[in-house]
Each structure stands twice: as C-alpha cells, then as structure tokens.
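# Report on the structure
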Amino acid sequence: QEFDALLAATPQIPQNQAVINALLQLRNESRVERQPYNFNLTFTGVAAGVTAPVQSFLVDTSAPFMLVSQQYQATVNPNVAQTVSTASRPNMLVQIQDQSGNRNWQNAGSPVGSIFGDARQPYFLPQPRLIPANTAVLVTVNNYDAAQTTDLILTFSGWRYYAVN
C-alpha cells in the first residue's frame with residue numbers, strides 16, 4: 001500500500017520514469033501472501049509428576065510464521081469420558097524455547113491455562129510473535145498433578161508468509 005501511495009503521488013512525466021520503474025519493481029518484489037496455519041503438538045499419557053519428552057515444530061524453510069494465538073485441549077484421566085461442561089484444566093507447566101536465538105519465551109515453566117486458551121476462548125499473545133523461517137520451537141511439558149495422567153494437545157495458530165513471484 002505504501003508503494004501504491006508513492007506511485008500515485010509521483011507525477012507521470014518522462015523525468016520520473018526511472019523512479020516509477022524502481023517503485024514498481026520494489027512493490028512487485030515485496031509482495032507476500034499470508035496463509036493461516038496451525039502447528040499442533042500432542043503429548044499423550046503424561047503421568048503425574050513426569051516431564052514429557054521435548055517436542056518441537058519446525059517453521060517452513062521458505063516461510064516465516066507469525067504466531068498470533070495459542071490453544072490447548074486436555075484430557076485429564078483419559079479413561080473417563082469428557083464433555084464440554086466437564087472439561088478440565090490440566091495441572092501442567094509449559095516451557096517454550098525458540099531455537100533461532102536460543103531464547104526461552106518465559107523465565108520458567110508457565111501453567112497451561114496462563115499461556116494457552118481453549119477453542120472457545122483462545123489465548124491471544126499481547127503482541128504477535130514472528131518466528132523466522134527454518135526455526136525449531138521446542139516445547140517441554142511437566143505434569144505436576146499428584147495423581148492424574150493427562151493427554152495434552154497444544155496448538156500454535158497464526159500465519160505463514162510466502163513471497164509471491
């Protein structure tokens with residue numbers, strides 16, 4: 001849009017043709033397509049008091065990912081049927097690390113409900129987080145429940161950005 005505004009403000013006279021051509025080229029080279037995308041991680045049968053094996057997702061090598069929201073789905077005690085009205089919150093801590101700069105996203109594990117919402121009310125980040133292309137994001141989950149085994153699905157929602165040729 002900025003290029004279109006500059007083009008519209010540039011008088012169409014022969015002396016400006018080189019500038020107009022340069023603006024057109026820059027506009028065409030800078031076009032991106034934004035596609036919605038989710039990364040999902042599934043932690044199955046995490047026993048009480050156990051830290052699950054680290055899981056990760058890898059951002060596409062050709063498309064950075066803009067993380068906008070995070071959701072979870074948990075089944076505490078997978079042997080018991082669960083409905084929307086009986087949905088439970090897991091007693092689990094989550095630690096997230098971005099491998100592009102070995103940066104932890106928090107200083108210590110955070111309760112799932114503090115940084116993940118559910119499908120009805122997702123957790124929207126205070127500011128969208130840009131994850132560079134070809135970056136692995138590592139996630140560690142610790143079940144600090146005294147007795148319950150938990151299944152947990154974490155969803156990272158946002159957009160992948162692809163250059164348009």
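Here, every reference points to the structure presented above.
Conventions used here
Residues numbered from 1 in each chain as written. Predicted model: local features only at pLDDT ≥ 70, side-chain atom pairs only at ≥ 80, totals over all residues. Heavy atoms only, no water. Helix = DSSP H or I, 4+ residues; strand = E, 2+ residues; numbered from the N terminus. Rg over C-alpha atoms; globule rule 2.2 N^0.38 Å. Buried < 20%, exposed > 50% of the residue type's maximum accessible area, 1.4 Å probe, protein only. Contact = heavy atoms within 4.5 Å. Areas by Shrake-Rupley, 256 points an atom, 1.4 Å probe, with all protein chains shown as cover. Lys, Arg positive; Asp, Glu negative; His and termini not counted. Charge placed at Lys NZ, Arg CZ, Asp CG, Glu CD. Phe/Tyr/Trp six-rings, centres within 6.5 Å; stacked < 30°, edge-to-face > 60°. Pairing = 2+ DSSP bridges. Core = buried A, V, L, I, M, F, W, Y, C linked by side-chain atoms within 4.5 Å. Axes fitted to C-alpha atoms, helices over the stretch in contact; angles between N-to-C directions. Salt bridge = Lys/Arg side-chain N within 4 Å of Asp/Glu carboxyl O.

### Examining the overall build of the protein chain
- A tally of helices and strands in the protein chain yields three helices and nine strands.
- The N-to-C order of helical and strand elements in the protein chain reads α-α-β-β-β-β-β-β-α-β-β-β.
- Taken over the C-alpha trace, the protein chain has a radius of gyration of 22 Å; the compact-globule value for 165 residues is 15 Å, which it surpasses by more than 25%.
- For the C-alpha atoms alone, the extent of the protein chain along its principal axes is close to 80 × 35 × 25 Å.
- Per-residue burial over the protein chain gives 32% buried out of 165 residues.
- Considering only contacts in the protein chain between residues 6 or more positions apart, those separated by 24 or more positions represent 76%.
- Here the protein chain displays about 9800 Å² of accessible surface, and carbon together with sulfur accounts for 52% of that area.
- Mean positive and mean negative side-chain charge positions of the protein chain (8 and 9 charges, respectively) differ by 4 Å.

### Some details on the environment of Asn77
- By secondary structure assignment, the location of Asn77 is in the loop between β3 (65-76) and β4 (92-98).
- Separated by 13 residues in the primary sequence, Asn77 and Pro90 have C-alpha atoms spaced 9.9 Å apart.
- In this structure Asn77 touches Gln148 and Thr149, once residues within four positions along its chain are discounted.

### Looking at the packing of aromatic side chains
- Considering all chains together, one arrives at five aromatic pairs under this definition.
- Taking the centre distance of 4.9 Å and the plane angle of 85° together, the rings of Phe39 and Phe65 count as edge-to-face. Here Phe65 lies in strand β3 and Phe39 lies in strand β1 (residues 32-46), a separation of 26 residues in the sequence.
- Taking relative accessible area as the criterion, Phe65 reaches 0% and is therefore assigned buried.
- Taking the centre distance of 5.5 Å and the plane angle of 85° together, the rings of Phe116 and Phe156 count as edge-to-face. Of this pair, Phe116 sits in the loop between α3 (112-115) and β7 (123-131) while Phe156 is found in strand β9 (residues 150-163), placing the two residues 40 residues apart along the sequence.
- Among the residues examined, Phe116 registers a relative accessible area of 1% and is labelled buried.

### A look at the pairing of β3
- Summarising burial for β3: 10 of the 12 residues are buried, a large majority.
- The pairing of β3 with β7 spans five bridges and is antiparallel. Within β7, the position partnered with Leu67 by the bridge is Arg129.

### A few points about the nonpolar core
- Leu154 and Phe156 are the most contacted members of the largest nonpolar core, which totals 26 residues.
- At the level of elements, β1, β3, β4, α3, β7, β8 (136-143) and β9 are the ones that each hand at least two residues to this core.
- Those residues in contact with Phe156, other than ones at most four positions away along the chain, are Tyr37, Asn38, Phe39, Leu41, Phe57, Phe65, Leu67, Ser69, Gln70, Ile96, Phe116 and Val139.

### Description of the sheet that holds β7
- Spatial strand order, β1-β9-β3-β7: four strands in an open sheet with antiparallel pairing. Two strands in the sheet have a free side with no partner beyond their single neighbour: β1 and β7. With strand direction ignored, the average angle separating the axes of adjacent strands in the sheet is 30°.

### Structural notes on unusual backbone geometry
- The residue Asn134 is not glycine, and still its phi comes out positive at about 60°.
- Given the relative accessible area of 48%, Asn134 is considered partly exposed.

### Concerning the pattern of salt bridges
- What the rule picks out here adds up to two salt bridges.
- Among the ionic pairs, Arg120 bridges to Asp118, the shortest N-O distance being 3.4 Å.
- Among the residues examined, Arg120 registers a relative accessible area of 63% and is labelled exposed.

Remember that the coordinates give geometry; whether it matters functionally is a separate question.
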